[in-house]
Amino acid sequence: MMSKRRRAIVFCNGIRTRTVEESGGAEVLFRHFDVFVDVSAFAKPWDAMLSFSDRIYAERAVHLGTPDEACTYFNNEKFDYVLIVGLEWSRERTALIEAIANASGAWGVLFVRGDARDLFNWRRYDLRGLSGLRQRFSRWNKARRISTPPPTHLFTNEPQALDFPEVTHGKTEIVRLNHNDAQRLARAIPAGDTPTLVFADQTLTLTFADDPANIGEKRFYTPDLTKRYHAALGEALETLGRTRDLPVIACLHPNAPMSAEEHFPKSIEVVRGQTVEHVLQAELVVTHTSMVSGICHLLGKPMILLSLGAELMPPKVMADLLRKTHNEGLFRLNWPEDRLPSGAIPPARNPRIVDFLRPLAVGPDFGTVFERYL
């Protein structure tokens, strides 16, 4: 550690390789924080219930199951500083903040992984679906009930667009950062030098599984529908690869189960945890609605949004795909109805998304920021 001050970092989504990487990476976090605290069991139980293959069980990790456990733990530990990651949309949010803020010297919020889909809909993360006076009233009502000391810092790439009612202007220091995707891109090295067609997976059949364990999204995919989705997806990707004379690489979503590779044809190379590195070398990127489109906008990469139709894709995904096509100016392919594009695919270059992901022309990395403010 850089000093004798005791610091903890709290993960509302659970301690995973994914959440650690999105917050600066293991090397940076182990240097600046003494303890990693997992509160997903009560903050985001829909994530806690899933068997992610990248969960981290380190010596510094602490797992808390209830708000009462959190209150006891933070009262006993009395950290000098606590940083919360993934606070947005958390359940038991007030109880978590009270446990931390009332027992710690100072606390902060890290939010640098916002989804670009809300940019075109008066972005308000915790008030999605509300507008106008209802939105203002909801925020006022939340803020009215807050009696804890405000966060010392809000680390974010979009300070004017988020709704964290705990933040008190004039008392909370807003620290600008580039989006996590822009930071990952800045430190990424291309996976190779061969032009490829990259598919950015979204593990739809897990996220929208018709299964009792699914408490986070609407159920859609039965076992039979899962097989049909993967068959159509594999056929579309293989055909696109042949038409473009490009090898196809499927980059698995971080939430993809260990068995996900089995769903793709043998002709398609499947990789995990290297999406940005493979997009760097890609000649064409294909996805449904993945946030990897932001990387494509930053790089000016040609991109196709692949629709397999309402029979094989959940209504929410279909609606997002249509909005994304319109808002981001991307090329949509309806498979198998549409003829395959024979000409050049327009590059993704939406300036609004570029500004959202990279508001700072030269932005500090996580390590530099933590060194300066913690």
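Everything numeric here is computed off the predicted structure, so don't read it as measured data.

What counts as what
Residues numbered from 1 in each chain as written. Predicted model: local features only at pLDDT ≥ 70, side-chain atom pairs only at ≥ 80, totals over all residues. Heavy atoms only, no water. Phe/Tyr/Trp six-rings, centres within 6.5 Å; stacked < 30°, edge-to-face > 60°. Axes fitted to C-alpha atoms, helices over the stretch in contact; angles between N-to-C directions. Helix = DSSP H or I, 4+ residues; strand = E, 2+ residues; numbered from the N terminus. Parallel < 35°, antiparallel > 145°, perpendicular 65-115°, else oblique. Left-handed = near helix turned anticlockwise from the far one by under 90°. Contact = heavy atoms within 4.5 Å. Nonpolar A, V, L, I, M, F, W, Y, C, P; charged D, E, K, R; others polar. Buried < 20%, exposed > 50% of the residue type's maximum accessible area, 1.4 Å probe, protein only. Pairing = 2+ DSSP bridges.

In this section: the packing of aromatic side chains. Applying the stated rule across the entire model yields 12 aromatic pairs. With a centroid separation of 4.8 Å and 35 degrees between ring planes, the pair formed by Phe 30 and Phe 36 is classed as tilted. An aromatic cluster is built from Phe 33, Phe 155, Phe 366, Phe 370 and Tyr 373, whose rings are joined through pairwise contacts.

The next thing to look at is the packing of helix H8 (residues 180-187) against helix H12 (residues 292-299). Across the interface, H8 lies against H12 with an axial gap of 10 Å and an inter-helix angle of 60 degrees. Classified by the angle their axes make, H8 and H12 are oblique. Regarding H8 and H12, the two cross each other, and that crossing is right-handed. In contact with Asp 181, Ala 182 and Leu 185 of H8, H12 contributes Ile 295, Leu 298 and Leu 299. Of the residues belonging to the contact of H8 with H12, the class tally is 5 nonpolar, no polar and 1 charged.

Another point: the pairing of strand E2 (residues 35-38). Along E2, one buried face is formed by Val 35 and Val 37 and the opposite face, lined by Phe 36 and Asp 38, is buried too. Summarising the sheet, strand E1 (residues 7-11) and E2 pair through 4 bridges and their orientation is parallel. Along E2, the bridge assignment pairs Ile 9 with Phe 36. Pairing of E2 with strand E3 (residues 61-63) involves 3 bridges; the strand directions are parallel. In the strand pairing of E3, Val 37 is matched with Val 62.

This next bit is on the sheet that holds strand E6 (residues 153-156). What the 7 strands build is an open sheet, ordered E3-E2-E1-E4-E5-E6-E7; its pairing is parallel. What marks the edges here is a single partner per strand, and that holds for E3 and strand E7 (173-176). Sheet twist, expressed as the mean angle between neighbouring strand axes with direction ignored, is 20 degrees. Here strand E4 (residues 81-85) pairs with strand E5 (residues 106-111) via 5 bridges, running parallel. Of the residues in E5, the one forming a bridge with Ile 84 is Val 109. With respect to the sheet, helix H5 (residues 67-77) is in contact with E1, E2, E3 and E4, its orientation differing from that of E2 by roughly 165 degrees.

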